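# Examination of the molecular architecture
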Amino acid sequence: MAVDAEAQFHVLAVDDSLMDRKLIERLLKTSSSFQVTTVDSGSKALEVLGLKEEDQTSTSALSPQHNEIEVNLVITDYCMPGMTGYDLLKKIKESSSLKDIPVVIMSSENVPSRINRCLEGGAEEFFLKPVQLSDMRRLGPHILKGKHKEQQQLHQEENSNTNHTIMGSSNNNNMSNKRKVMDEEILSDRTRLGFSSSSLNLI
Amino acid sequence: MFIYTTPVYRLSLALQGFLDEQFYQLEELQDESSPNFVEEVVTLFFRDSSRLMANIDQALEQCPPDFHRLDKFLHRLKGSASSIGAGKMKNECAGFREFCSEENLEGCLRSFQKVKKEHTILRQKLENYFQLLRQVVPVDKATRSGS
């Protein structure tokens with residue numbers, strides 16, 4: 001499997017139906033060559049995300065030297081036995097380490113109150129099943145935004161250190177300029193081209 | 001020997017009326033890296049749906065019937081049917097669910113007969129379809145060999 005710039009984003013898909021897991025995995029890989037991990041429950045998802053301090057068995061071939069798998073987006077079914085997609089969403093958003101990971105919820109039922117509840121709970125998007133290739137295009141901006149927030153947080157942590165860092169304090173102005181440029185890129189369509197050229201080939 | 005030129009042609013020939021746009025989308029997701037994707041998904045569908053229908057059978061036989069559990073099974077069945085584009089079956093499931101919410105046992109039993117019938121027809125049609133695909137050489141895929 002070729003590892004290129006486009007394959008750097010990792011999506012965690014959660015669905016109790018094997019058939020739907022297969023579908024979402026294919027959709028994700030076809031649309032943007034994401035790395036994909038699929039799990040069949042909310043509790044397994046939390047394990048993968050590292051909320052439980054246990055050894056996890058990865059469900060796909062990921063780089064083995066990382067103890068925790070870095071996830072850039074979680075896409076989860078709403079109706080699952082045990083922990084629902086909404087419960088999982090809340091757990092992610094309430095966790096200081098995971099709250100910036102964008103979460104998308106899928107459901108086969110079009111229930112406005114459910115959709116609102118999820119969006120208000122912090123979900124970025126709500127997809128109606130069956131999920132389409134065109135829905136996959138909506139994921140890019142959220143992943144980039146999440147990455148951006150993550151980098152911001154990292155830089156804040158670095159700057160608050162009194163130790164010498166790679167960046168150095170004189171780069172503060174440069175960082176804020178860079179952030180501004182990134183914001184503009186996120187909003188413009190050109191981001192999609194840079195993000196994944198394969199998305200141009202969608203139907 | 002037939003040579004199919006587009007997926008739409010294959011679809012309309014073999015499966016008109018039983019499958020909708022979603023099945024076409026599945027075909028679009030199939031490529032060299034996942035050459036049997038459609039058949040794999042369909043296989044999973046029949047495994048899922050057969051199990052669910054056995055569960056539904058059981059739930060209907062209980063005295064009194066467990067309509068709450070029944071609804072959960074139907075939700076799953078309808079979702080699966082929708083995922084492979086089985087439009088007719090999805091609609092029958094929706095009708096079934098309405099009777100279920102009304103706790104109308106007779107309506108449920110009638111609906112279930114329809115769902116089972118649709119399921120059987122769909123299985124036959126899809127088996128024929130995959131068999132047909134194995135016998136032809138599509139223009140765009142040189143890797144498939146005819147008999």
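For chain B, an unreviewed UniProt entry supplies the name Histidine-containing phosphotransfer protein and the organism Ensete ventricosum.

Chain A appears in an unreviewed UniProt entry as Response regulatory domain-containing protein from Ensete ventricosum. Under the Function (unreviewed entry) heading, UniProt states for chain A: "Functions as a response regulator involved in His-to-Asp phosphorelay signal transduction system. Phosphorylation of the Asp residue in the receiver domain activates the ability of the protein to promote the transcription of target genes. Type-A response regulators seem to act as negative regulators of the cytokinin signaling." Looking at the Sequence similarities (unreviewed entry) heading of the UniProt record, one finds this comment for chain A: "Belongs to the ARR family. Type-A subfamily."

Per the counting criterion, the structure on display carries four aromatic pairs over all chains. Residues F96 of chain B and F112 of chain B carry aromatic rings whose centres are separated by 5.8 Å and whose planes lie at 50° to one another, so their mutual orientation is tilted. One end of the pair, F96 of chain B, is in helix α5 (residues 87-101); the other, F112 of chain B, is in helix α6 (residues 105-135), and 16 residues separate them in sequence. You can call F112 of chain B buried: its relative accessible area is 2%. Within the aromatic cluster, the residues linked to one another by ring pairs are F23, Y129 and F130 of chain B. Across the ring face of Y86 of chain A, the terminal group of R117 of chain A is positioned such that the distance to the ring centre comes to 3.8 Å.

As recorded in UniProt, the feature "modified residue: Phosphohistidine" (unreviewed entry) lies at H75 of chain B. With respect to the helices and strands, H75 of chain B occurs in helix α4 (residues 67-84). Judged by relative accessible area, which is 15%, H75 of chain B ranks as buried. Contacts of H75 of chain B, omitting those with residues within four sequence positions, involve C79, S108 and E109 of chain A together with R97 of chain B.

Spacing of three or four residues puts side chains on the same side of an α-helix, whose turn is 3.6 residues. All names here are of chain B. When the terminal C-alpha atoms of α6 are compared, their 45 Å separation across 31 residues agrees well with the 45 Å that a helix rising 1.5 Å per residue should span. All of the buried residues in α6 are G107, C108, S111, F112, V115, E118, H119, L122, L126, Y129, F130 and L133. The N-cap residue of α6 is N104: its side-chain oxygen and the backbone nitrogen of E106 are 3.3 Å apart.

Another point: the layout of surface pockets. Its volume calculated, the second largest pocket comes out at about 590 Å³. Taken together, 25 residues line the second largest pocket, and the ones lying closest to its centre are D16 and C79 of chain A together with K72, H75 and R76 of chain B. Listing elements by their share of the lining of the second largest pocket, those giving two or more residues are α3 (37-61) and α4 of chain B. Element by element, the count of residues in the lining of the second largest pocket is highest for α4 of chain B, at nine residues. Grouping the constituent residues of the lining of the second largest pocket by class yields five nonpolar, seven polar and 13 charged.

About the cut-offs
- Residues numbered from 1 in each chain as written.
- Chains lettered and ligands numbered in written order.
- Predicted model: local features only at pLDDT ≥ 70, side-chain atom pairs only at ≥ 80, totals over all residues.
- Heavy atoms only, no water.
- UniProt positions renumbered as here; feature names shortened; annotations may be inferred.
- Phe/Tyr/Trp six-rings, centres within 6.5 Å; stacked < 30°, edge-to-face > 60°.
- Helix = DSSP H or I, 4+ residues; strand = E, 2+ residues; numbered from the N terminus.
- Buried < 20%, exposed > 50% of the residue type's maximum accessible area, 1.4 Å probe, protein only.
- Lys NZ or Arg CZ within 6 Å of the ring centre and 35° of its normal.
- Contact = heavy atoms within 4.5 Å.
- Expected span 1.5 Å × (residues − 1).
- Polar contact = N/O pair within 3.5 Å; in protein donor to acceptor, adjacent residues only side chain to side chain.
- 1 Å grid on protein atoms, 1.4 Å probe; cavity = no way out; pocket = protein on both sides within 12 Å on 5 of 7 lines; lining within 4 Å.
- Points joined across faces, edges and corners; volume = space filled by probe spheres on them.
- Nonpolar A, V, L, I, M, F, W, Y, C, P; charged D, E, K, R; others polar.

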